[in-house]
Amino acid sequence: MTPILVTGLPRSGTSWVGKMLAAGGELVYVNEPLNPQHPPGRCPGVLRASVTHRFQYICDDNAADWMPAFRDTVRLRYRFLAELRANRSPYDLARMIRYGAAFTHGRLTGRRALLDDPFAVLSAGWFARRLGCRVIALVRDPVAFAASWRRLNWTVYFHELLEQPLLVRDHPEVEELRPLIGSQDHLAKAAALWRVTRAVLDKTPDILQVSYDKLAADPVNGFRALYAYANLTWTPAAEHRITRACLAEGTAERGFAWTGLSRTAYRPMNSRQALHNATRGLTSEEMSRVRHLTSRGA
């Protein structure tokens, strides 16, 4: 059965889209197996492989290190012993029970795996070509993306990309990030990451790029189209769940939480209202700067 990968840079709506695709009841949601932070990553029950970098690059040349592990993941084969050897806290045991049960039930009932993983964004082509995934890559408006990172006080360490020789070889545009190593200009770094990632996605075949902003403006019709792309059944129940989760009044600020077993949990929000607040925290001058830094001619 064809697995699904939902990817895109962090804060581009991957958790939201993953949860809405899973609302139809045909998928098992797998949260960020390539995240190098535990939780949600470094869980060998879910992915029995060693993640060494954020935005880990996977291609044909290192596929031997990743293919067996991801085959188990997309076939919903949970590795209980491997998980117990690595993680034994009460939180980890609760997470193991949840994922182990979901994988086992999903495999027995013929469900498909859905990987929600922003850290797979630079490897999307491999997931489509070698793992057979239907890949949905979310792209958010760059100003809204940068504003979101600013509000969370996030930054990116470009050495984690540049220290991956296969990534630099296959995508030389990554070298554009080198001058910003060690920079404290977080806005410039967010813009550069957005621009380079978009360049990689634009030349990656066999994936579907989806505008987060257009999807948020018209979620019901947008998700109906994504269900068709992913070969999922659009049912009245799925439409009801998506409508309730995406168009609830007065919930524009509740789209993301650090609670729950995933620690990157999506919560219901009014996606249309959220668009109006997406750039808060940036001045007009900063917005213009991000537009310039992410333009094709920058």
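The structure displayed is predicted, hence computed values, not measured ones.

Cut-off values and rules
Residues numbered from 1 in each chain as written. Predicted model: local features only at pLDDT ≥ 70, side-chain atom pairs only at ≥ 80, totals over all residues. Heavy atoms only, no water. Helix = DSSP H or I, 4+ residues; strand = E, 2+ residues; numbered from the N terminus. Rg over C-alpha atoms; globule rule 2.2 N^0.38 Å. Buried < 20%, exposed > 50% of the residue type's maximum accessible area, 1.4 Å probe, protein only. Contact = heavy atoms within 4.5 Å. Salt bridge = Lys/Arg side-chain N within 4 Å of Asp/Glu carboxyl O. Patch = residues over 30% accessible without salt bridge, like charges linked within 9 Å, V, L, I, M, F, W, Y side chains within 5 Å. Areas by Shrake-Rupley, 256 points an atom, 1.4 Å probe, with all protein chains shown as cover. Lys, Arg positive; Asp, Glu negative; His and termini not counted. Charge placed at Lys NZ, Arg CZ, Asp CG, Glu CD. Axes fitted to C-alpha atoms, helices over the stretch in contact; angles between N-to-C directions. Parallel < 35°, antiparallel > 145°, perpendicular 65-115°, else oblique. Left-handed = near helix turned anticlockwise from the far one by under 90°.

Asks: It is not clear to me how the overall build of the protein should be interpreted in this structure. Could you clarify?
Replies: If you tally the helices and strands in the protein, you get 14 helices and seven strands. Taking 2.2 N^0.38 as the reference for a compact globule, 298 residues should give roughly 19 Å; the C-alpha atoms of the protein span a radius of gyration of 19 Å, in line with that estimate. C-alpha extents for the protein along the principal axes are approximately 55 × 45 × 40 Å. Within the protein, the proportion of its 298 residues that are buried is 54%. Taking the intrachain contacts of the protein between residues at least 6 apart in sequence as the baseline, contacts between residues at least 24 apart amount to 73%.

Asks: When you look at the pattern of salt bridges in this model, what are you seeing that I'm missing?
Replies: Where charged atoms of side chains with opposite charge meet at close range, the side chains can pair. Within the structure shown, the criterion is met by 14 salt bridges. Of the charged contacts in the structure, one is a salt bridge between Arg54 and Glu160, with a shortest N-O distance of 3.4 Å. A residue pair is termed long-range when its members are at least 10 positions apart, and Arg54 in the loop between strand 2 (27-31) and helix 2 (67-74) and Glu160 in helix 7 (residues 159-162) qualify at 106 residues. In this structure Arg54 comes out as partly exposed when scored by relative accessible area, which is 33%.

Asks: Even after reading the chapter, I still don't get a positive patch on the surface, so can you show me in this structure?
Replies: Together, Arg71, Arg75, Arg77 and Arg107 make up a positively charged patch on the protein surface. Among the structural elements, Arg77 can be located in the loop between helix 2 and helix 3 (80-86).

Asks: Would you explain the packing of helix 6 (residues 142-152) against helix 14 (residues 284-294) in this entry?
Replies: The axes of two packed helices give the description: the angle between them and the distance between them. Contact geometry for helix 6 and helix 14: axes closest at 9 Å, N-to-C directions at 120°. Between helix 6 and helix 14, the interaxial angle falls into the category oblique. Relative to helix 14, the crossing made by helix 6 is right-handed. Only Glu286, Met287, Val290, Arg291 and Thr294 of helix 14 make contact with helix 6, whose side of the interface consists of Pro142, Val143, Ala146 and Arg150.

Asks: Sorry if this is basic, but what is going on with the side chain of Gln164 here?
Replies: Inspection of the secondary structure assignment puts Gln164 in the loop between helix 7 and helix 8 (165-170). With a relative accessible area of 7%, Gln164 lands in the buried category. Once you skip the residues sitting within four places of it in the chain, Gln164 turns out to touch His53, Arg54, Phe55, Gln56 and Tyr57.

Asks: I would appreciate a short explanation of unusual backbone geometry in the present structure.
Replies: A negative phi angle characterises most non-glycine residues, just as the trans form characterises most peptide bonds. His38 connects to Pro39 through a cis peptide bond whose omega is -15°. The residue Pro39 is located in the loop between strand 2 and helix 2 in this model. In this structure, Pro40 follows Pro39 across a cis peptide bond, with omega equal to 10°. With respect to the helices and strands, the residue Pro40 is situated in the loop between strand 2 and helix 2. Phi is positive for Arg11, which is not a glycine, with a value near 75°. Note on placement: Arg11 falls in the loop between strand 1 (4-7) and helix 1 (14-22). With a phi angle near 60°, Asn153 is a residue other than glycine that sits in the positive phi range. Topologically, Asn153 is positioned in the loop between helix 6 and helix 7.

Asks: Looking at this structure, how should I read helix 2?
Replies: The periodicity of an α-helix, 3.6 residues per turn, causes residues three or four positions apart to be oriented the same way. Burial analysis of helix 2 places six of its eight residues in the buried class, which makes it a mostly covered element. If you check which residues of helix 2 are buried, you get Met67, Ala69, Phe70, Asp72, Thr73 and Val74. Lining the buried residues of helix 2 we find strand 2, helix 4 (90-108), strand 3 (112-116) and helix 5 (124-129). Remark: Leu76 follows helix 2 within two positions and exhibits a positive phi of approximately 60°.

Shape is all these values report; function is a separate question.
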